[in-house]
Amino acid sequence: NSSELSPSFILAGLPGLEATQAWMAIPLCSAYVLAVAGNCAVLLVVRLEPSLHAPMYFFLCMLAAIDLALATATVPRTLSFYWFGSREIGFAACLLQMFLIHTLSAVESTVLLAMAVDRYVAICHPLRHAAVLTNGATAKIGLLAVARGVLFFLPLPLLLLPLPFCGSRLLSHSFCLHQDVMNLACANTTPSVVYGLTAILLVMGLDAVLICLSYILILKAVLRLAAWRERLKVFSTCIAHICVVLAFYVPLIGLSVVHRFGKDLAPLVHIVMGNIYILVPAVLNPIIYGVRTKQIQRRIL
């Protein structure tokens with residue numbers, strides 16, 4: 001009875017590769033180290049370079065901090081399992097990890113939307129850009145993004161808290177996600193299903209639609225320019241942000257599809273997709289902006 005009230009869960013390993021998973025974890029550790037180094041470099045460069053003290057780069061710092069927090073909330077615990085055999089995770093720790101993953105993902109989605117609006121104002125209303133997106137407004141947007149993520153995703157662990165878990169405790173990933181934990185409950189999970197889907201649609205889904213809308217308006221403004229060279233020059237300022245949006249949403253959509261329709265897929269697919277979702281944005285974002293931003297390149301060198 002006590003285990004039903006306060007259960008623990010078993011993290012998923014690499015099926016069929018248990019004997020070599022300590023070696024298989026080396027690429028995961030390398031990606032984590034690269035993510036930490038790259039995002040810390042972005043934070044340091046923006047802090048030390050006065051010419052980068054602008055809303056666009058403050059948003060980039062927010063992305064770097066979110067990616068650092070998201071990777072740190074998951075990868076060290078996964079590595080402790082692969083290297084030291086610590087496969088069991090407590091109920092409270094699992095709910096906390098789940099809350100952090102979903103909340104930080106929501107905050108990152110909001111920041112990506114804010115960056116899209118920043119690009120729209122800079123291209124379509126350049127004379128109003130400095131007045132609309134001040135440093136104070138940027139800070140308020142950051143606080144609003146955090147508050148939005150917490151308010152929408154705090155109910156997820158609260159809805160799971162009273163549920164009994166009396167069957168299998170084996171997760172599909174090497175960390176805790178809402179749908180993964182919810183599927184192990186031996187009770188009616190309809191409220192959790194409905195609320196989880198609603199929260200994702202109202203946050204990530206709405207943000208994706210608004211980002212697409214902002215780029216449609218940007219594209220219309222760019223096409224009004226007379227010369228092709230001018231069009232390419234203006235639109236090239238959006239390339240880095242478009243790549244970052246794709247690096248976030250493509251793994252998110254892929255993981256959602258695997259969860260919804262991939263019950264018959266091999267367990268390894270779930271584990272790989274989960275790690276891609278956590279690490280790909282954290283690794284790629286500093287590389288993308290490092291390549292596309294000359295000030296960051298010079299400062300790092």
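Residues numbered from 1 in each chain as written. Predicted model: local features only at pLDDT ≥ 70, side-chain atom pairs only at ≥ 80, totals over all residues. Heavy atoms only, no water.

Asks: Describe helix α11 (residues 239-261), listing the residues and the values that go with them.
Replies: Here α11 contains 23 residues, and its C-alpha end-to-end distance of 32 Å stays within 8% of the 33 Å for a straight helix at 1.5 Å per residue. All of the buried residues along α11 are Ala240, His241, Val244, Val245, Ala247, Phe248, Tyr249, Pro251, Leu252, Leu255, Val258 and His259. On its buried face, α11 sits against α3 (55-84), α4 (91-124), α8 (178-182), α9 (190-223) and α12 (267-292). (Helix = DSSP H or I, 4+ residues; strand = E, 2+ residues; numbered from the N terminus. Expected span 1.5 Å × (residues − 1). Buried < 20%, exposed > 50% of the residue type's maximum accessible area, 1.4 Å probe, protein only. Contact = heavy atoms within 4.5 Å.)

Asks: Run through the state of the cysteines, naming residues and quoting values.
Replies: Under the criterion given, the structure shown has two disulfides. One disulfide bridge connects Cys94 with Cys176, the sulfur atoms lying 2.0 Å from each other. Disulfide Cys94-Cys176: torsion about the S-S bond near -120°, hence left-handed. Pair noted here: Cys94 is in helix α4 and Cys176 is in the loop between α7 (155-160) and α8, with a separation of 82 residues, a long-range link. Each member of the pair Cys94 and Cys176 is classed as buried. Take the cysteines of the chain that form disulfides and number them in order along the sequence; they join up as 1-3, 2-4. Residue Cys243 stays outside any disulfide, its sulfur separated by 11 Å from that of Cys238, the closest cysteine. Overall, Cys243 belongs to the partly exposed group, its relative accessible area being 34%. (Disulfide = S-S within 2.5 Å.)

Asks: Quick rundown of a nonpolar patch on the surface? Include the residues and the values.
Replies: A cluster of nonpolar residues, Trp23, Ile26, Trp83 and Phe84, forms a patch on the protein surface that exposes about 530 Å² of accessible area. Breaking the nonpolar patch down by element, the ones donating at least two residues are α2 (21-48) and α3. For Trp23, the position within the fold is in helix α2. (Patch = residues over 30% accessible without salt bridge, like charges linked within 9 Å, V, L, I, M, F, W, Y side chains within 5 Å. Areas by Shrake-Rupley, 256 points an atom, 1.4 Å probe, with all protein chains shown as cover. Salt bridge = Lys/Arg side-chain N within 4 Å of Asp/Glu carboxyl O.)

Asks: Quick rundown of the packing of α4 against α9? Include the residues and the values.
Replies: Between α4 and α9, the least distance of the axes is 9 Å, while the angle of their chain directions is 15°. In terms of orientation, α4 and α9 fall into the roughly parallel class. The interaxial crossing formed by α4 with α9 has left-handed handedness. Here His102, Ser105, Ala106, Ser109, Thr110, Leu112, Leu113, Ala116, Arg119, Tyr120, Ile123 and Cys124 of α4 come into contact with α9, specifically with Val203, Met204, Asp207, Leu210, Ile211, Ser214, Tyr215, Leu217, Ile218, Ala221 and Val222. A breakdown of the residues in the contact of α4 with α9 according to their chemical character gives 16 nonpolar, five polar and two charged. (Axes fitted to C-alpha atoms, helices over the stretch in contact; angles between N-to-C directions. Parallel < 35°, antiparallel > 145°, perpendicular 65-115°, else oblique. Left-handed = near helix turned anticlockwise from the far one by under 90°. Nonpolar A, V, L, I, M, F, W, Y, C, P; charged D, E, K, R; others polar.)

Asks: Could you give me a rundown of the packing of aromatic side chains, with the residues and numbers involved?
Replies: Scanning the model with the defined rule gives five aromatic pairs in all. Seen from their ring centres, Phe9 and Phe91 are 6.0 Å apart, and the 45° between their planes marks the pair as tilted. Of this pair, Phe9 sits in strand β1 (residues 8-10) while Phe91 is found in helix α4, placing the two residues 82 residues apart along the sequence. Each member of the pair, Phe9 as well as Phe91, is classed as buried. With a centroid separation of 4.9 Å and 85° between ring planes, the pair formed by Phe248 and Tyr249 is classed as edge-to-face. Both residues of the pair, Phe248 and Tyr249, count as buried. Pairwise contacts between aromatic rings join Phe9, Phe91 and Phe165 into one cluster. (Phe/Tyr/Trp six-rings, centres within 6.5 Å; stacked < 30°, edge-to-face > 60°.)

Asks: Residue-level account of the pattern of salt bridges, with values.
Replies: If you walk through the whole model with that rule in mind, you get three salt bridges. When the shortest N-O distance is used, the salt bridge between Arg299 and Glu49 registers 3.6 Å. On the criterion of sequence distance, the pair formed by Arg299 in helix α13 (residues 294-300) and Glu49 in the loop between α2 and α3 is long-range, its members being 250 residues apart. What makes Arg299 partly exposed here is its relative accessible area of 40%.

By themselves, these observations are geometric and do not establish any function.
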